[in-house]
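Reading the structure
Spelled out from the first residue to the last, the chains are:
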Amino acid sequence: MSSRRSFLHTGAMIGGALGLGGLPKSLLAQHDPFLLTPQPVTRAPASLNILILGGTGFTGPEQVEYALARGHRVTLFNRNKTRPGFFKGKVAEELQGDLNNDTSALKGRQFDVVLDNPTTLPAWVRNAAQQLAGNVKHYIFQSTTSVYSDQSIIGLDENSPVGVLPADIDPYTLDPAHASRYYGPLKVRAEQEVAKQYPGIWTVVRPCLIVGPLDRTDRFTYWPARIDQGGEIVAPDKPDDPCQFIDVRDLAEFSVRMAEARAFGLYNAIGPEKPMTIAEMLYGVKSITSTPGFFTWVPWEFLKEQGVRPWRHMTVWQPPYGATAGYQRRNASKAIAAGLTFRSLADTARTTLDWHRTRPQAEQDATLRGAVGGLDMKREAEVLAAWHAKLKTAGPG
Amino acid sequence: MALNILILGGTGFTGPEQVEYALARGHKVTLFNRNRTRPDFFKGKVEQLVGDLNDDVSALKGLKFDVVLDNPTTFPAWVRNAAQHLKGNIGHYIFISTMSVYPDNSRPNMDETDGTTPMPADVDPYTLVRENAGKYYGALKTFAEQEAERHYPGQVTVVRPGLIVGPLDRSDRFTYWPARIDRGGDVVAPGTPDDPTQWIDSRDLAEWMVRLAEQKVLGTFNAVGHSRPMSELLYGIKAVTTAGAQFHWIPAEFLTSQGVRGWRHMTVWLPPTGPTAGFLRRNNDRAVAKGLTFRRLAVTAAETLAWHKTRTEAEQKALMEGAVAGLAASKEAEVLAAWKATQKGGPDHE
């Protein structure tokens, strides 16, 4: 049994909030220890020789740590640019190269399983396969729910229609502009490339919004950071609107367990297990903060008038009707049946906030300015003032 | 500076938290109790005096203390009895009263200047009759506050907590929600998501009282958290669980028609209308200004739940049956079925 979080995140959790006889240990209260989802990690029955493509970004480090705790042998292949030397001395091997044009370090190597995290471009799958095809027993590819072309479908599952790359775009393009403009369709093509290169031994995992420590998109992180500031907080539209997200650690652990189980096929990796409303998410995040604050639910029509956009400013949220009716109501029952598990929201929120506080001050400031994801606090104050003025004009009732 | 602290009681619910915190702060702690609740719980860590506030306070004779924390007192006679020995021998008397001293709960944001409950003329304020403790709880606590001031003029702090919650709470009022939500499934939630609620974690209360002693703060204080929406409480508790509870907010009138009562069955809640409109919206400004702080809800919820799981099987079962407080699981299912039937636009079973 090994304790996780040994080196990945600062602000390590302190377990054992209860002493003998159930007496709370007030002595520890200054650190506010509380029990997060308990998860002692046991060793897997058999050790696998795992290659992780990338491994130093967001999902990767969690896979590395979990895989090591499960007793697997881990090799990384990356450019050694993102967090260079991060896992030095922890993983068996670090291979250096570039999926764009230099995969020579993989030549002649054999692995039980490959975890492919970074791939947006089908060319990357193809380039790695030049060395790996025929030398691996299992290829697990992290795709995205952005592959789905019709997000109005409620209960969208693995059989729902996916996006098609326009005929005039080369599927093996390496143009970064294409990577973002045709993100969904390119991921679809990358999935197909995986199936072509590793017939019968592939797994495609399609996560929705991935959240948690090390996430630099600020989409989920915005909420813990903002709520921790307290005061009056703009919340989007209706408290009962649905929301979905997956903790990066749940996703990473699921992918490692899929490797252990040699489970093939397509899986939506989406949380939480049971429906969650945006109010449950926001109050759940608030429960791990202590600054007094409250939410003002501003109708979507008014937010739109104010130039406040879903996802970009009101992160994690999408209007639950029209083109995005199904965006937060996708179906993950297949993955859950295959062993996808979920941490508590308090765990996700607290670990994310603890990590956020370790970021450079400039990054923390940027979060509250809504520079990457979220609503600028100054803009938020203006929106609130306008909303209250409108309510006043409208009069009571 | 280390204080010489006497704690009356000290082994119940708030007391143990005071003891631990006071010791951690470097104070000398003496307990006075019957040594019946958790006997010798703090053996070796504190001085233990055995006696009974009803009729045997001799162990206090001739002792001097910087400060007394009086937890257990419901009866003014207990204050009087302890004062036989403590009067003139202490510097500060901190008395835990209750917000139940307020007879009028009809308005939001009422503060410490609000009127308290007078003792009925035909009841002896020094009664030791057990039934009176429940029957005249607010009036007896009011009189006990005054009794303290009579014996220790200019040395008294009166702390009036709202609902005290957390580990070691046997009332099941707050504990009902973490325990219920942790079971998952369809959960009856009372009234509307915006109905107010209010509570205080026993550790926040205990620690603040010790700090009041250290700073020798006198006066009368409402000790309660900020009023918050009921949805904040229930969703915050849900966040520390993984069962995926689904809430059904059922209007107060319908709950009443089903025999489901606020506070008893739907705990930590009362309808925010009429005589209870202000019950869960008490003003806490004065205490906050004097240093009352609050744990995060996730901490209170997770630790209460963890403690609940260490309770005996019988106690956990009693909670599921709503024996002490809360709604019995079987009754909850009936209420939900009845509510869903009304939502379908008419009876569809008969």
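Residues numbered from 1 in each chain as written. Chains lettered and ligands numbered in written order. Predicted model: local features only at pLDDT ≥ 70, side-chain atom pairs only at ≥ 80, totals over all residues.

What follows is about the overall build of chain B. Along the backbone of chain B there are 12 helices and 13 strands. Its C-alpha radius of gyration of 21 Å places chain B within 12% of the 20 Å reference for a compact globule of 350 residues. For chain B, the spread of C-alpha atoms along the three principal axes comes to 75 × 45 × 40 Å. A total of 350 residues make up chain B; the buried ones form 52% of that total. (Helix = DSSP H or I, 4+ residues; strand = E, 2+ residues; numbered from the N terminus. Rg over C-alpha atoms; globule rule 2.2 N^0.38 Å. Buried ≥ 20, exposed ≤ 12 C-beta atoms within 10 Å, placed from the backbone.)

All names here are of chain B. Summarising the element assignment, G278 is placed in the loop between α8 (252-257) and α9 (285-289). It is 4.9 Å that separates the C-alpha atoms of G278 and S106, two residues lying 172 residues apart in sequence. In this structure G278 touches N105, S106, R107, P108 and M110, once residues within four positions along its chain are discounted. (Contact = placed C-beta atoms within 7 Å.)

What follows concerns the pairing of strand β2 (residues 28-33) of chain B. Residue and element names in this part refer to chain B. Sheet analysis places strand β1 (residues 4-8) next to β2, joined by 5 bridges and oriented parallel. Following the sheet pairing, I5 is matched in β2 by V29. Between the parallel pair β1 and β2, the chain is carried across by helix α1 (residues 15-24), and the sense of this crossover is right-handed. Bridge analysis of β2 against strand β3 (residues 47-50) gives 4 bridges, and the strand direction is parallel. In the strand pairing of β3, F32 is matched with L49. (Pairing = 2+ DSSP bridges. Right-handed = clockwise from strand over helix to strand, strands pointing away.)

Residues and elements named next belong to chain A. Of the residues in chain A, 90% reach a pLDDT of 70 or more, and the chain-wide mean stands at 90. Residue range residues 1-7 is modelled with pLDDT below 50. Its contacts to residues more than four positions away, or to other chains, number 11 contacts. Overall, residues 10-33 carries pLDDT values under 50, and its contacts beyond four positions in sequence, including any with other chains, amount to 43 contacts. (pLDDT = per-residue confidence, 0-100.)

Ranked by size, the top nonpolar core spans 190 residues in total, and within it I50, V114 and A269 of chain A together with V68, I94 and M209 of chain B carry the most contacts. At 8 residues, helix α10 (residues 297-308) of chain B tops the list of elements feeding residues into this core. Residues in contact with V114 of chain A, not counting those within four places in the same chain, are L51, L53, L132, V136, Y139 and I140 of chain A. The next biggest cluster of nonpolar side chains, apart from the first, holds 5 residues, and it includes V147, L156, V162 and V188 of chain A. (Core = buried A, V, L, I, M, F, W, Y, C linked by C-beta atoms within 7 Å.)

Let's shift gears to α10 of chain B. Residues and elements named next belong to chain B. Look at α10: 16 Å from first C-alpha to last across 12 residues, which is about the 16 Å you get at 1.5 Å a residue. Burial of α10 is extensive: 12 of the 12 residues sit out of reach of the surface. Those residues of α10 that sit buried are L297, A298, V299, T300, A301, A302, E303, T304, L305, A306, W307 and H308. (Expected span 1.5 Å × (residues − 1).)

Let us look at the sheet that holds β3 of chain B. Residue and element names in this part refer to chain B. Overall, parallel pairing links the 7 strands, which are arranged β3-β2-β1-β4-β5-β6-β11 in an open sheet. Among the strands making up the open sheet, the edge pair consists of β3 and β11 (219-223). Across the sheet, the axes of successive neighbouring strands diverge by a mean angle of 20 degrees, strand direction being ignored. Here 4 bridges tie β1 to strand β4 (residues 67-70), and the two strands are oriented parallel to one another. Within β4, the position partnered with I5 by the bridge is V67. Sitting on the sheet, α1 is in contact with β1, β2 and β4, with an inclination near 170 degrees to β1. (Axes fitted to C-alpha atoms, helices over the stretch in contact; angles between N-to-C directions.)

So, on to the sheet that holds strand β3 (residues 93-96) of chain A. Residue and element names in this part refer to chain A. Here we have 7 strands laid out as an open sheet, ordered β3-β2-β1-β4-β5-β6-β10, and parallel in their pairing. In this open sheet, the two strands that pair with only one neighbour each are β3 and β10 (265-269). On average, each strand axis in the sheet is inclined to that of its neighbour by 20 degrees, with strand direction left out of account. Pairing analysis gives 4 bridges linking strand β1 (residues 49-53) to strand β4 (residues 113-116), with the strands arranged parallel. Within the sheet, the bridge partner assigned to I52 lies in β4 and is L115. Packed on one face of the sheet, helix α1 (residues 59-69) meets β1, β2 (73-78), β4 and β5 (139-142) and runs near 170 degrees to β1. Sheet contacts for helix α4 (residues 183-197): β5 and β6 (202-207); angle to β6, the most-contacted strand, approximately 165 degrees.

On to the interface of chain A and chain B. Opposite the 31 residues of chain A that make contact, chain B presents 32 residues. Among the elements of the structure, α7 (278-286) and α10 (345-356) of chain A are those that each provide at least two residues to the side of chain A that touches chain B. If one sorts the elements of the side of chain A that touches chain B by residue count, α7 of chain A sits on top with 5 residues. Its residues placed into classes, the side of chain A that touches chain B shows 18 nonpolar, 8 polar and 5 charged. (Nonpolar A, V, L, I, M, F, W, Y, C, P; charged D, E, K, R; others polar.)

Attention shifts here to the packing of helix α2 (residues 122-132) of chain A against α4 of chain A. Any two packed helices are characterised by the angle at which their axes cross and by the distance between the axes. All names here are of chain A. Across the interface, α2 lies against α4 with an axial gap of 8 Å and an inter-helix angle of 20 degrees. Classed by the angle they form, the pair α2 and α4 counts as roughly parallel. Along this stretch, α2 crosses α4, giving a crossing that reads as right-handed. Contacts between α2 and α4 involve P122, V125, R126 and A129 on the former and, on the latter, L186, R189, A190, E193, V194 and Q197. (Parallel < 35°, antiparallel > 145°, perpendicular 65-115°, else oblique. Left-handed = near helix turned anticlockwise from the far one by under 90°.)

We now examine α10 of chain A. With 12 residues, α10 of chain A extends 16 Å between its outermost C-alpha atoms, agreeing within 8% with the 16 Å of an ideal straight helix rising 1.5 Å per residue. Along α10 of chain A, the residues classified as buried are L345, A346, D347, T348, A349, R350, T351, T352, L353 and H356 of chain A. In the core, the buried residues of α10 of chain A are packed alongside β7 (210-211), α5 (222-229), β9 (246-247), α7 and α11 (361-368) of chain A together with α10 of chain B.

Residue and element names in this part refer to chain A. Counting buried residues along β1, 4 of its 5 residues qualify, which places the element largely inside the surrounding structure. Both β1 and β2 contribute to a ladder of 5 bridges, which runs parallel. Counted as the bridge partner of I50 is V74 from β2. On the question of chirality, the crossover connecting β1 to the parallel β2 by way of α1 is right-handed.

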